[in-house]
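For reference, the chains in residue letters:
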Amino acid sequence: MSWLTDDDDEAYSEYDESSARVRPNPKGSKPRTKHRPDHADAVPGHVFTVDRGRYGVWVGEGTADERQVTATKARDLGRSPEGRISVVPGDWVDLVGDTSGDEGSLARIVRIHPRSSLLRRSADDTDAVERIIVANADQMLIVVAAANPEPRPRLVDRYLVAAYDAGIHPILCVTKTDLADPSDFLANFAGLDLTIVTSRSDAVPLDELRALLDGHTTVAVGHSGVGKSTLVNALVPEANRATGRVNDVTGRGRHTSSSTVSYRLGSGWIVDTPGVRSFGLGHVDPANILGAFGDLAQIAKNCPRGCTHLPDSPDCAIIEAVDEGVLGESGRLRLDSFQRLISTLGS
Ligand SMILES: Nc1nc2c(ncn2[C@@H]2O[C@H](COP(=O)(O)OP(=O)(O)OP(=O)(O)O)[C@@H](O)[C@H]2O)c(=O)[nH]1
Ligand SMILES: [Zn+2]
């Protein structure tokens, strides 16, 4: 299956929205950017936030010249045969114009460096139009509360699918463990390839989280009100993300943080996304979803060719294994998750 291979550009080519192509193996080939206007004086930078056509870019990171530059997108960057090109947090870009970072100065982004990953979502499952959330992330921190709001395994499944589809390693962080014991909820994810951390605001496991995040670009996702901002603020005090109160009646948080921002964390980055309420997967190839269910994928090797693994599939090895109790009750739940997701995508 192509999603498993590191060096398979073809698997990604249909998703290319731009001349800045996804290059799954960062150490592989040369940059493939087709449009190469000769901006010999361009300087590289790292996009940390985007706000209404203005891009916040770190330039000269780690040097005495380190500065934050505000930039726009050059017009020729916007004209690509494949369609509109978006620049997103996490992108490495080349800048021309006034790159001083002085008050009121404005630079222009003329190139996007090849991306090692792209995390996308569509508005809903039937919508193939996708939005890119972040580029170059290699980890996803899925934040979910043990209670208030109640954890939803299905939502986590969806994040997992998006992560695996993008080749990003998921970490599940359960917050508010002072309010409820997350064991039953976590049983849903037994056997999956993901790292699990538990947290409570009066005892955030900072050392554990920092060790997991250091050296990585980690995109933090989670439903509004789960305590993601609280977590980001604990990890990156200067982030100063707005934290909101969860409505006691509905369990829903207010939309308190609105733009995606990338913060430095040790030698890595944490990218905080605004309360993503919907996580449509209209752009995902159903064949890739099995990747989020490692134990099922293993068993699926014994399925008949072309097996959809849906309830009516004849001789499906996964269904048989679950019926025989090989994967226990949690295996049944995961098969259920998996089937729900592929049938949602197929409709
Ligand atoms: N009891 C308890 N409350 C928490 C914990 N973490 C966060 N909260 C509270 O939960 C509410 C929501 O926290 P936020 O950090 O704003 O949640 P968020 O996920 O960033 O929400 P948005 O900003 O809306 O995206 C706040 O009132 C927090 O004080 C925790 O571990 N335990
Ligand atoms: Zn099958």
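Residues numbered from 1 in each chain as written. Chains lettered and ligands numbered in written order. Predicted model: local features only at pLDDT ≥ 70, side-chain atom pairs only at ≥ 80, totals over all residues. Heavy atoms only, no water.

### Some points on the coordination of the zinc ion (ligand 2)
Keep this limit in mind: Each metal's donors are the N, O and S atoms within 2.8 Å of it, or within 3.2 Å when it is Na, K or Ca, and because water is not part of the set, sites may look incomplete. Think of it this way: with four donors and all angles in the 85 to 135 degree range, the site is tetrahedral; with four or six donors, opposite ones beyond 155 degrees and the rest between 65 and 115, it is square planar or octahedral; otherwise it is irregular. Relative accessibility under 20% of the residue-type maximum defines a buried residue, over 50% an exposed one, and the middle range a partly exposed one, all with a 1.4 Å probe and only protein chains included.
Protein-derived ligands of the zinc ion (ligand 2) are Cys303 (SG), Cys307 (SG), His309 (ND1) and Cys316 (SG), with the metal-ligand distances lying across 2.0 to 2.4 Å. Here the zinc ion (ligand 2) is ringed by four donor atoms whose angles at the metal span 101 to 116°, and the overall shape comes out tetrahedral. Written as a sequence motif, the donor arrangement for the zinc ion (ligand 2) is C-x3-C-x1-H-x6-C. With a relative accessible area of 9%, His309 lands in the buried category. Since its relative accessible area comes to 1%, Cys316 is described here as buried.

### Structural notes on the packing of helix α5 (residues 206–213) against helix α6 (residues 228–235)
What counts, and what does not: Where helices are involved, their axes are fitted lines through C-alpha atoms of the stretch in contact, as for all axes, and angles between N-to-C directions lie from 0 to 180°. A run of H or I in DSSP becomes a helix once it reaches four residues, and a run of E becomes a strand once it reaches two; helices and strands are each numbered from the N terminus. Oblique is the label for any angle not covered by the other classes, which are roughly parallel (under 35 degrees), roughly antiparallel (over 145) and roughly perpendicular (65 to 115). Two residues qualify as a contact provided that any one of their heavy atoms is within 4.5 Å of a heavy atom in the partner residue. Residues are sorted three ways: Asp, Glu, Lys and Arg are charged, Ala, Val, Leu, Ile, Met, Phe, Trp, Tyr, Cys and Pro are nonpolar, and all the rest, Gly among them, are polar.
Put simply, α5 and α6 touch, their axes get as near as 11 Å, and they point 85° apart. Taken together, α5 and α6 sit at an angle that is classed as roughly perpendicular. Note on element contacts: α6 touches α5 through Leu231, Ala234 and Leu235, opposite Leu206, Leu209, Arg210 and Leu213. A breakdown of the residues in the contact of α5 with α6 according to their chemical character gives six nonpolar, no polar and one charged.

### Let's talk about the side chain of Lys228
Here is the rule: As used in this structure description, the phrase polar contact means that two N or O atoms lie within 3.5 Å; if the pair is within protein, one of them must be able to donate a hydrogen and the other to accept it, and residues adjacent in sequence are counted only when both atoms belong to side chains.
Within the secondary structure, Lys228 is located in helix α6. Engagement of the side chain of Lys228 in a polar contact is seen with the backbone oxygen of Thr273, the distance being 2.5 Å. When neighbours within four sequence positions are excluded, Lys228 is seen to be in contact with Val143, Ala220, Val221, Gly222, Asp272 and Thr273.

### As for the environment of Leu310
When you line up the elements, Leu310 lands in the loop between α8 (294–300) and α9 (317–323). Under the relative-accessibility criterion, Leu310 is labelled partly exposed at 23%. Contacts of Leu310, omitting those with residues within four sequence positions, involve Ile319, Gln339, Ile342 and Ser343.

### Description of the UniProt feature "binding site: Zn(2+)" (unreviewed entry) in the protein chain
Operational definition: UniProt positions are given in the numbering used here, feature names are shortened, and annotations may be inferred rather than shown by experiment.
Annotation from UniProt places "binding site: Zn(2+)" (unreviewed entry) at Cys303, Cys307, His309 and Cys316. Mapped onto the elements of the fold, Cys307 is located in the loop between α8 and α9. Discounting residues that sit within four places of it in the chain, Cys307 has contacts with Ser313 and Cys316. As for its placement among the helices and strands, His309 is situated in the loop between α8 and α9.

### Focus: helix α3 (residues 153–166)
Applicable threshold: In this scheme, a helix's expected span is set at 1.5 Å multiplied by one less than its residue total.
Taking 1.5 Å per residue as the helical rise, α3 with its 14 residues ought to reach 20 Å, and the 20 Å between its terminal C-alpha atoms agrees with that figure. With 12 of 14 residues buried, α3 lies mostly within the body of the structure. Within α3 the residues assigned to the buried category are Leu155, Val156, Asp157, Arg158, Tyr159, Leu160, Val161, Ala162, Ala163, Tyr164, Asp165 and Ala166. At the C-terminal side of α3, Gly167 shows a positive phi close to 75°.

### Points about the environment of Pro114
Looking at the element boundaries, Pro114 is found in the loop between β5 (107–112) and β6 (118–122). C-alpha of Pro114 to C-alpha of Ala135: the two residues are 21 residues apart in sequence and 9.6 Å apart in space.

### Some points on the packing of aromatic side chains
Which entries qualify depends on this criterion: Here the aromatic set is Phe, Tyr and Trp, taking the six-membered ring for Trp, and pairing holds for ring centres within 6.5 Å; pairs whose planes are under 30 degrees apart are stacked, those over 60 apart are edge-to-face, and all others are tilted. By definition here, charges over rings are those cases where NZ of Lys or CZ of Arg is within 6 Å of the ring centre and within 35 degrees of the ring normal.
All told, the structure shown has two aromatic pairs when counted by the stated rule. Seen in terms of ring centroids, Phe48 and Trp58 are 6.0 Å apart; in terms of plane orientation they differ by 45°. Their pairing is tilted. Taken together, the residues Phe48 in strand β1 (residues 43–51) and Trp58 in strand β2 (residues 54–59) connect sequence positions 10 residues apart. Like Trp58, Phe48 is buried. Sitting over the face of the ring of Trp58, Arg264 holds its NZ or CZ atom 4.2 Å from the ring centroid.

### Here's the deal with the pattern of salt bridges
Filter applied, for reference: Salt bridges are identified by distance alone: a Lys or Arg side-chain nitrogen within 4 Å of an Asp or Glu carboxyl oxygen.
Under the counting rule described, the total for this entry stands at 11 salt bridges. Asp94 is the salt-bridge partner of Arg111, the closest N and O atoms lying 2.7 Å from each other. Of this pair, Arg111 sits in strand β5 while Asp94 sits in strand β4 (residues 92–97), and the two are 17 residues apart along the sequence. No difference in accessibility class separates Arg111 from Asp94, as the two residues are buried.

### Describing the nonpolar core
Our working rule: Only buried residues count toward a nonpolar core. Its members are Ala, Val, Leu, Ile, Met, Phe, Trp, Tyr and Cys residues joined through side-chain atoms within 4.5 Å. Domain ranges listed in this record stem from an automatic or a database domain assignment.
Counting 52 residues, the largest nonpolar core has Leu119, Met140, Leu160, Leu172 and Ile318 as its most contacted members. Per element, the largest residue contribution to this core is nine residues, and it comes from α3. When residues of this core are assigned to domains, at least three fall in each of domain 2 (118–272) and domain 3 (293–346). Setting aside residues up to four positions removed in sequence, Met140 forms contacts with Leu119, Tyr159, Ala163, Ile168, His169, Pro170, Ile171, Thr218, Val219 and Val221. Ranked by size, the runner-up nonpolar core spans 23 residues in total, among them Phe48, Ala220, Leu231 and Ala239.

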